[in-house]
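# Geometric and topological summary
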Amino acid sequence: QVLLSLGDETPDIVKELQVEVRGTRELRERLHAATNEIESLKRQLEVDARKELDRERKLVEDLYRQMEEKERQLADCQFDLRRARAAAGQGEWDQREEEFMRLNLQIRKLEEELASRKQ
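Residue indices begin from 1 for each chain and proceed along its sequence in written order. Thresholds applied to this predicted model are a pLDDT of at least 70 for local features of residues and 80 or more for the giving and counting of side-chain atom pairs; totals over whole chains, interfaces and linings are not thresholded and use all residues. Side-chain numbers come from the whole structure's heavy atoms, not from hydrogens or water.

In this section: the overall build of the protein. Where helices and strands are cited, they refer to DSSP runs of H or I of at least four residues and of E of at least two residues respectively, numbered from the N terminus. Broken down by element type, the protein carries two helices and zero strands. Sorting the 119 residues of the protein into buried and exposed places 6% on the buried side. Summing over all exposed atoms, the protein offers an accessible surface of approximately 10,900 Å²; the carbon and sulfur share of this is 55%. Burial classification: accessible surface area is computed with a 1.4 Å probe over protein chains only, and a residue below 20% of its type maximum counts as buried, one above 50% as exposed, and the rest as partly exposed. The protein chains shown are the only cover counted for residues, whose accessible areas, like all others here, come from Shrake-Rupley with a 1.4 Å probe.

Shown next as structure tokens:
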């Protein structure tokens, strides 16, 4: 401290030490600021990632529901086609098969509706 108070008469080595101390302090402050920025960005990334995952999950659930609905529509169309073919044959066996298919389709619809209500 005595050497620093000499002002212009301070030896060169002391001046270099002063510059080095100031440089070290600046580096520590910059490191601290960079660390804080990294932590802030990391938290923001985690929040954004959670939001994106939630959006993707909802999209998958919606697409899955739509797929199930399309499968039901397809089953209805297949049933209608079989019924139309059976009506063209109009045999006793064909009528029984049509009734059996209709009951099976109705049971399937009720089971799917029950499963969707449980969710």
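We define a salt bridge as a side-chain nitrogen of Lys or Arg found within 4 Å of a carboxyl oxygen belonging to Asp or Glu. Going through the model one piece at a time under the given rule, you end up with 10 salt bridges. One salt bridge connects D54 with R57, and the closest N-O pair in it is separated by 3.3 Å. Note that D54 and R57 are positioned in helix 1 (residues 12–89) at a spacing of three residues, about one turn of the helix. The partner of R117 in a salt bridge is E113, and the shortest N-O contact between them spans 2.7 Å. With a gap of four residues between them, R117 and E113 both fall in helix 2 (residues 92–118), about one helical turn apart. Connected via shared salt-bridge partners are E69, R72, R108 and E112.

This part is about the confidence of the model for the protein. Scored from 0 to 100, pLDDT records how confident the predictor is in each individual residue. With 76% of its residues at a pLDDT of 70 or more, the protein has an overall mean of 80. When checking whether two residues touch, look at their non-hydrogen atoms; a contact exists if any pair is within 4.5 Å. Of the regions scoring below 50 in pLDDT, residues 1–5 engages in five contacts with residues more than four places distant in sequence or in other chains.

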